[in-house]
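# A structural walkthrough
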Number of protein chains: 2
Amino acid sequence: MPQFMDVHHGMKGITADQLMQAHRADLAIEKEEGVHFERAWADPESGTVYCLSEAPSAEAVQRIHERAGHLADEVHPVPLTA
Amino acid sequence: MPQFMDVHHGMKGITADQLMQAHRADLAIEKEEGVHFERAWADPESGTVYCLSEAPSAEAVQRIHERAGHLADEVHPVPLTA
């Protein structure tokens, strides 16, 4: 299944708990779109969050993020990995 | 050791081979700065590359990338993961 990296800006000061809660909110509904969020990383200082997922499409990733209350600013397919 | 996510822009059309070669160039010298590049993901369409690393500092990450010939546009510490 294709992989995606999505990016959220404007999350300055995000805490470990908030990141975990947001990630769990995605996990709770991800199957409804055939998405799996693998990992998330956050930089509280710049307010940037990166999420790595496997999904049928970028739109499916965004639909889960939107329903979980945190629309992504960018969703990039990442077909190449090393 | 702290984790970092760095981002390279302007890599439109990057191929799987080019990504692998760039990653290997980092791996070949990373120990000299105590860095380990764990994974890299590329979106050839937008020309974006993401690299996840463990390193003593953002500067150490950047020094390896610079010596390997591909300075990052952003290097973010990502102390939070989920």
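The structure displayed is predicted, hence computed values, not measured ones.

### Let's talk about the pattern of salt bridges
Residues and elements named next belong to chain B.
- On inspection of all chains with the given rule, the structure shows four salt bridges over all chains.
- The salt bridge partner of Glu-33 is Arg-63, with a shortest N-O separation of 2.9 Å. A residue pair is termed long-range when its members are at least 10 positions apart, and Glu-33 in the loop between α1 (16-29) and β2 (36-43) and Arg-63 in helix α2 (residues 58-67) qualify at 30 residues.

### Digging into the nonpolar core
- By size, the foremost hydrophobic cluster in this structure holds 17 residues, and its most contacted members are Ile-14, Leu-19, Val-35, Phe-37, Ala-42 and Val-49 of chain B.
- Those elements that place two or more of their residues in this core are α1, β2, β3 (48-54) and α2 of chain B.
- In terms of residue count, α2 of chain B provides more of this core than any other element does, four residues in total.
- Excluding its chain neighbours within four sequence positions, the residues that come into contact with Val-35 of chain B are Glu-30, Ser-53, Glu-54, Ala-55, Pro-56, Ala-60, Val-61 and Ile-64 of chain B.
- Counting residues in each nonpolar core, the second largest holds 16 residues, with Ala-42, Cys-51 and Val-61 of chain A together with Leu-80 of chain B among its members.

### What to know about helix α2 (residues 58-67) of chain A
All names here are of chain A.
- Listing the buried residues of α2 in full gives Ala-60, Val-61, Gln-62, Ile-64 and His-65.
- The inward-facing, buried residues of α2 contact β1 (3-8), α1 (16-29), β2 (36-43), β3 (48-54) and β4 (74-77).
- Of the residues flanking the end of α2, it is Gly-69, one or two places downstream, whose phi is positive at about 95°.

### Describing the pairing of β2 of chain B
- One ladder, built from two bridges, connects strand β5 (residues 80-81) of chain A with β2 of chain B; its direction is antiparallel. From the neighbouring strand, Leu-80 of chain A faces β2 of chain B, where its bridge partner is Ala-42 of chain B.
- Where β2 of chain B and β3 of chain B come together, seven bridges link them in antiparallel fashion. Bridging from a neighbouring strand, Ala-42 of chain B pairs with Val-49 of chain B of β3 of chain B.

Rules used in this analysis
- Residues numbered from 1 in each chain as written.
- Chains lettered and ligands numbered in written order.
- Predicted model: local features only at pLDDT ≥ 70, side-chain atom pairs only at ≥ 80, totals over all residues.
- Heavy atoms only, no water.
- Salt bridge = Lys/Arg side-chain N within 4 Å of Asp/Glu carboxyl O.
- Helix = DSSP H or I, 4+ residues; strand = E, 2+ residues; numbered from the N terminus.
- Core = buried A, V, L, I, M, F, W, Y, C linked by side-chain atoms within 4.5 Å.
- Buried < 20%, exposed > 50% of the residue type's maximum accessible area, 1.4 Å probe, protein only.
- Contact = heavy atoms within 4.5 Å.
- Pairing = 2+ DSSP bridges.

No statement about biological role is implied by the geometric values presented.
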